[in-house]
Amino acid sequence: MLASTHLIKGNLGFERSKRRVLPCFGEVRERNLTLNRNLCIRSGSICSGLSSGAVSMGAELARARNGIETVVRSSVKSRSVKAQASGGDIEDLTPINPQGKSSGTVLPFVGVACLGAILFGYHLGVVNGALEYLSKDLGIAENTVLQGIAHSTAPCRSSPAVCSIYKRWVVSTLLAGATVGSFTGGALADKFGRTRTFQFDAIPLIIGAVLTATAQTVQTMIVGRLLAGVGIGISSAIVPLYISEISPTEIRGALGSVNQLFICIGILAALVAGLPLAGNPLWWRTMFGIAAVPSILLALGMAFSPESPRWLFQQGKIPEAEKSIRTLNGKERVAEVMYELRTASQGSAEQDAGWFDLFSSRYWKVVSVGAALFLFQQFAGINAVVYYSTAVFRSAGIVSDVAASALVGAANVFGTAIASSLMDRQGRKSLLITSFAGMAVSMLLLSLSFTWKVLAPYSGTLAVVGTVLYVLSFSLGAGPVPALLLPEIFASRIRAKAVALSLGMHWISNFVIGLYFLSVVNKFGISSVYLGFAGVCLLAVLYIAGNVVETKGRSLEEIELALNPAT
C-alpha cells in the first residue's frame, strides 16, 4: 500500500529560446499536426534504481506534451513551434498558458460543487459532539451498544469486548453508506452526467438530514445516517471529478485542493454547531437538520451550473460542449480546448468503460496507483491521530475537548490552504512525498513520547507537537492530493468509475480501521501501532517516488494520451 528512484531529466525549449540537446535524448522531430514523436533514451544512461513504470509514464507525458503543444499552437495561432529536449526536469514542463485574460468564470461553479465537500466533512464530524445528547434523548444512554444499532434501552449484558465492537458500529454506519455511495456515484456520473448526478445526490442527503433530525427511535436514526453516508459517498467521488474537468489547466491544482479545504471547513462547522449543546440538550436535532440547507443549495446550484465539457464531448454533444467551455474558460479558449479533446479522441470511438475494464492490462497500472494512494492515506494513521488527539492534549494540560478539536481542525485547514497555493508550483508528487515523510517523522515522535523514559518529563508536550505536526503534514499532501490527482491520471472513458473505485477503497479501509483499530491498540499498545503507521508512511514515500507521475501544468488530454494510449 520499493525502492526510491531517479526520474529522467528533460524539459522543452522552444524555437525562440536557446536550444540545447542532452546526449541521452535523440532529436525530437515534429510532423505537421500529428502526434508522432520519437523520444530516444541512450542505453545505460538511466540510474540502476529507476522504476520502469515511472520512467515510461514520464517519457510518455513528455511526448504527449510535445504533441499537444504542437497541434494546439498550430491550429489556434497558425504557427509552428519546434521543440527540442533540453536540460531540466521532465516533471517541470512549461504549461500551455492561454493568451490574454480569460473571459470565463469557473470559480462560482467550483464553489457550488464544494457544497458537497462541506457536507462530506459536516456529516463526518456532526455525530462526535451530538452522540451523548441524542443517546439520552432516544433513551439509550446507558447502553453503548445501542447508541449505534440496537432497539432496546436495556444496558449491555454482553462482555466488554462485545460492547466495544458494537460501539464502534456507531461511526461505521455512516462509512458503510459512504462505501455504497462512492461506487454508485461513478456509474451515475457516466450515465447522467456530472451536474445531474449532483442533483440526484442531494436526495439522500436531504432525506438523511431530515430523518436524523426528527428521529424518535434508534432505527430511524440509523436509516438517516445510512442515507447521509450514501450521499457523502457520491459526493466524495464526483466533487473532485467535476472540479478537475471544468478547471483550466494552469489553476487545476489549486482549485482541486479546494475540495479538501472545504471538507476541513465542514468538520469545523460541525464543531461550531455543537457549541450550544451544553445549554440546550435538544440542540442535537438542529445540528443534524442544518445539513439539509447546503444539500438543497447544491441541488439548486447545479441546475444552473454547466455540465463537464469533457463528458459532453464524450457523449457526442459538441455544441453543448463548446457552450460549456465558453462559460467556464471564455470564448477565446473554445478552439484550443476542443482541439485537445478531438486530439485525445483521435482513432477512438470507444464507449464508456465497464467495471471489468478497470482491471484490464490497459488500465490497471494507473487504476492500481489510485487505489494504493487512498490505502496509504488511510493506513498511515490519520483517523488514529484524530481519535487520540483529545487524550494527547489532556496529557499536556489542555482539558477542553473543544480546544483540542479546534487546534487539530485549525492545523488541517491551515495546511490545506498552504497546499492549495503550492499545488500548481511545487507539483502533486513532491507534495505527496513531503507530506508522507513529515507524517512518518511525526508518528515516530508520537511513538517515542509514549515509550522513552528519558522523554517522560516532556511526553505531553512532545505528543501535542507530534499530533499537530502530523495533521499539518497530512493536510499538505496526503489529504488533498489523491482526490485531485486521480481524475487527472485516469482516461476519460474510465475516469468516473476509476475515481469511484479508488474512493471505494478509501471508504472500505476507513470502515475497517474504525472497526478494528481499538482491538489492535488493546493488543499491541498505542506506541507500537504508531510505529507501524510510521512504517506505512515510509513505504508510501518509496511507492510514490517510483510509481506516481507529476501532472502539474498538463491538460487532462495530454495526460490521457501519455498514460492511456488507445489500443
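Note that this is a predicted model, so its numbers are computed, not measured.

Enquirer: Can you lay out the overall build of the protein chain for me, pointing to particular residues and giving the numbers?
Expert: In terms of regular secondary structure, the protein chain is built from 20 helices and two strands. For the protein chain, buried positions account for 54% of its 567 residues. Of the roughly 23200 Å² of accessible surface on the protein chain, 63% is carried by carbon and sulfur atoms.

Enquirer: Give me the lowdown on helix α12 (residues 364–379), citing residues and values where you can.
Expert: The terminal C-alpha atoms of α12, which comprises 16 residues, lie 22 Å apart, in line with the 22 Å expected from a rise of 1.5 Å per residue. Buried residues dominate α12, accounting for twelve of its 16 residues. Among the residues making up α12, those that are buried are Val366, Val367, Ser368, Val369, Gly370, Ala371, Ala372, Leu373, Phe374, Phe376, Gln377 and Gln378. Positive backbone phi, approximately 105°, marks Gly381, located one or two places after α12.

Enquirer: Please provide a residue-by-residue account of the nonpolar core, values included.
Expert: One finds Phe436, Phe490, Ile494 and Phe517 to be the most contacted residues of the largest nonpolar core, which totals 117 residues. At 15 residues, the largest contribution of residues to this core is made by helix α2 (residues 107–137). Apart from residues lying up to four places away in sequence, Ile494 is in contact with Ala353, Leu358, Tyr363 and Val367. Within the second largest apolar cluster, nine residues are counted, among which are Trp311, Phe313, Val334 and Val337.

Enquirer: So what's going on with the packing of α12 against helix α17 (residues 481–489)? Which residues, and what values?
Expert: It is the contact of α12 with α17, at a shortest axis distance of 10 Å, that shows an interaxial angle of 175°. Classed by the angle they form, the pair α12 and α17 counts as roughly antiparallel. Together, Val366, Val369, Gly370, Leu373, Phe374 and Gln377 of α12 and Pro482, Ala483, Leu485, Leu486 and Ile489 of α17 make up the contact between the two elements. When its residues are assigned to classes, the contact of α12 with α17 shows nine nonpolar, two polar and no charged.

Enquirer: How would you explain a nonpolar patch on the surface if you had to name every residue and give the values?
Expert: Together, Ile508, Val512, Tyr516, Val520 and Phe524 make up an exposed nonpolar region whose accessible area comes to about 440 Å². On the secondary structure map, Phe524 appears in helix α18 (residues 495–524). Judged by relative accessible area, which is 53%, Phe524 ranks as exposed.

Enquirer: Provide a residue-level description of the packing of aromatic side chains, including the pertinent values.
Expert: This structure, assessed with the given rule, holds seven aromatic pairs. Ring plane angle 35° and centroid distance 5.2 Å describe the contact between Phe120 and Trp507, whose orientation is recorded as tilted. With Phe120 in helix α2 and Trp507 in helix α18, this pair connects stretches of sequence that are 387 residues apart. Its relative accessible area of 9% is what places Phe120 among the buried residues. You can call Trp507 buried: its relative accessible area is 0%. Its guanidinium or amino end placed over the ring of Phe192, Lys191 lies 5.7 Å from that ring's centre, counting from NZ or CZ.

Conventions and cut-offs
Residues numbered from 1 in each chain as written. Predicted model: local features only at pLDDT ≥ 70, side-chain atom pairs only at ≥ 80, totals over all residues. Heavy atoms only, no water. Helix = DSSP H or I, 4+ residues; strand = E, 2+ residues; numbered from the N terminus. Buried < 20%, exposed > 50% of the residue type's maximum accessible area, 1.4 Å probe, protein only. Areas by Shrake-Rupley, 256 points an atom, 1.4 Å probe, with all protein chains shown as cover. Expected span 1.5 Å × (residues − 1). Core = buried A, V, L, I, M, F, W, Y, C linked by side-chain atoms within 4.5 Å. Contact = heavy atoms within 4.5 Å. Axes fitted to C-alpha atoms, helices over the stretch in contact; angles between N-to-C directions. Parallel < 35°, antiparallel > 145°, perpendicular 65-115°, else oblique. Nonpolar A, V, L, I, M, F, W, Y, C, P; charged D, E, K, R; others polar. Patch = residues over 30% accessible without salt bridge, like charges linked within 9 Å, V, L, I, M, F, W, Y side chains within 5 Å. Salt bridge = Lys/Arg side-chain N within 4 Å of Asp/Glu carboxyl O. Phe/Tyr/Trp six-rings, centres within 6.5 Å; stacked < 30°, edge-to-face > 60°. Lys NZ or Arg CZ within 6 Å of the ring centre and 35° of its normal.

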